[in-house]
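Below, each chain spelled out in residue letters.
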Amino acid sequence: MAGVRRRDRHGRGLRGPLTPPQAPISRSRAERFDDLVHDEVRRLGARWGRELAGVEFGVEEVPDVEPWFDGPVPLGRTVPGEAGRPVRIVVFRRPVEARASGEQELGRLVRDLLVEEVADLLGLSPESVDPSYDSPDD
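- In the annotation of an unreviewed UniProt entry, the protein chain is listed under the name Metallopeptidase family protein and assigned to Actinomadura napierensis.

The following block contains the structure:
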């Protein structure tokens, strides 16, 4: 072999990604979901920054439930802070994606879920945390 092979053995062309890594389409579904949660947390933080300063937000794939659990799968959870660890609000990606029928509904569901968790944490109504709570329009 004198040179470097530039094509695969079946002659179908170069192997590799079809889009550059910085293109939005090349991001995975999990990465896009993380971005969606991050954007909503930033939006809530603009209004409730001082109250949420000690709160950590996270995304997990699925909740830990017992095999005999017979109820609706939780979409999110607030984990109390203990032993010097901060309060943590977790959004479960797979159940949320399963409930949403499209990108717009997914965004609304994440928004409403985070508003509900923050409202519960602060002891307020969801409508007082975010006036757009439970409205179909963004």
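So, next bit.
## Digging into the pattern of salt bridges
No. 1: The final tally for this structure, using the stated rule, is eleven salt bridges.
No. 2: Taking the shortest distance from any N to any O, the salt bridge between Glu56 and Arg88 comes out at 3.0 Å. Here the residue Glu56 occupies a position in strand β1 (residues 55–60), and Arg88 occupies one in strand β3 (residues 87–92), the gap between them amounting to 32 residues.
No. 3: Note on Arg88: relative accessible area 26%, which makes it partly exposed.
No. 4: Close ionic contact of Arg111 with Asp112 constitutes a salt bridge, the shortest N to O distance being 3.2 Å. Judged on exposure class, the residue Arg111 and its partner Asp112 are both buried.
No. 5: Several salt bridges share partner residues, and in doing so they unite Arg29, Glu61, Arg93 and Glu97 into one network.

## Things to note about the nonpolar core
No. 1: Among the nonpolar cores identified, the biggest contains 21 residues, and Phe33, Val37, Leu44, Val91, Val96, Leu114 and Val129 are the most heavily contacted of them.
No. 2: Elements that contribute at least two residues to this core include exactly α1 (29–48), β3 and α3 (103–122).
No. 3: Broken down by element, this core gets its largest block of residues, seven residues, from α3.
No. 4: Each residue touching Val91, except ones within four places of it in the same chain, is listed here: Phe33, Val37, Gly58, Val59, Glu60, Leu75, Gly76, Val96, Leu113 and Leu114.

## A short note on the environment of Leu106
No. 1: With respect to the helices, strands and loops of the structure, Leu106 is situated in helix α3.
No. 2: Along the primary structure Leu106 and Leu36 are separated by 70 residues, whereas in three dimensions their C-alpha atoms are 8.9 Å apart.
No. 3: Ignoring anything within four residues of it in the chain, the contact list for Leu106 reads Phe33, Leu36, Val96, Glu97 and Ala100.

## Side note on unusual backbone geometry
No. 1: One non-glycine residue with positive phi stands out, namely Ala83, at about 55°.
No. 2: Tracing the chain through its elements places Ala83 in the loop between β2 (76–79) and β3.

## Focus on the environment of Val73
No. 1: Relative to the assigned elements, Val73 resides in the loop between β1 and β2.
No. 2: Once the C-alpha coordinates of Val73 and Val62 are considered, the two residues, eleven residues apart in sequence, prove to be 9.0 Å apart.

## Quick notes on the sheet that holds β3
No. 1: In spatial order, the strands read β1-β3-β2; together these three strands make up an open sheet with mixed pairing. Each having just a single partner strand, β1 and β2 make up the two edges of the open sheet. Averaged over neighbouring strand pairs, the angle between their axes works out to 20° when direction is ignored.
No. 2: Here β1 pairs with β3 via six bridges, running parallel. Directly across from Val55, in β3, lies its bridge partner Val87.
No. 3: With respect to the sheet, α1 is in contact with β1 and β3, its orientation differing from that of β1 by roughly 160°.
No. 4: On top of the sheet, α3 reaches β1, β2 and β3; it is set at about 155° to β3, its chief contact.

Scoring rules and cut-offs
- Residues numbered from 1 in each chain as written.
- Predicted model: local features only at pLDDT ≥ 70, side-chain atom pairs only at ≥ 80, totals over all residues.
- Heavy atoms only, no water.
- Salt bridge = Lys/Arg side-chain N within 4 Å of Asp/Glu carboxyl O.
- Helix = DSSP H or I, 4+ residues; strand = E, 2+ residues; numbered from the N terminus.
- Buried < 20%, exposed > 50% of the residue type's maximum accessible area, 1.4 Å probe, protein only.
- Core = buried A, V, L, I, M, F, W, Y, C linked by side-chain atoms within 4.5 Å.
- Contact = heavy atoms within 4.5 Å.
- Pairing = 2+ DSSP bridges.
- Axes fitted to C-alpha atoms, helices over the stretch in contact; angles between N-to-C directions.

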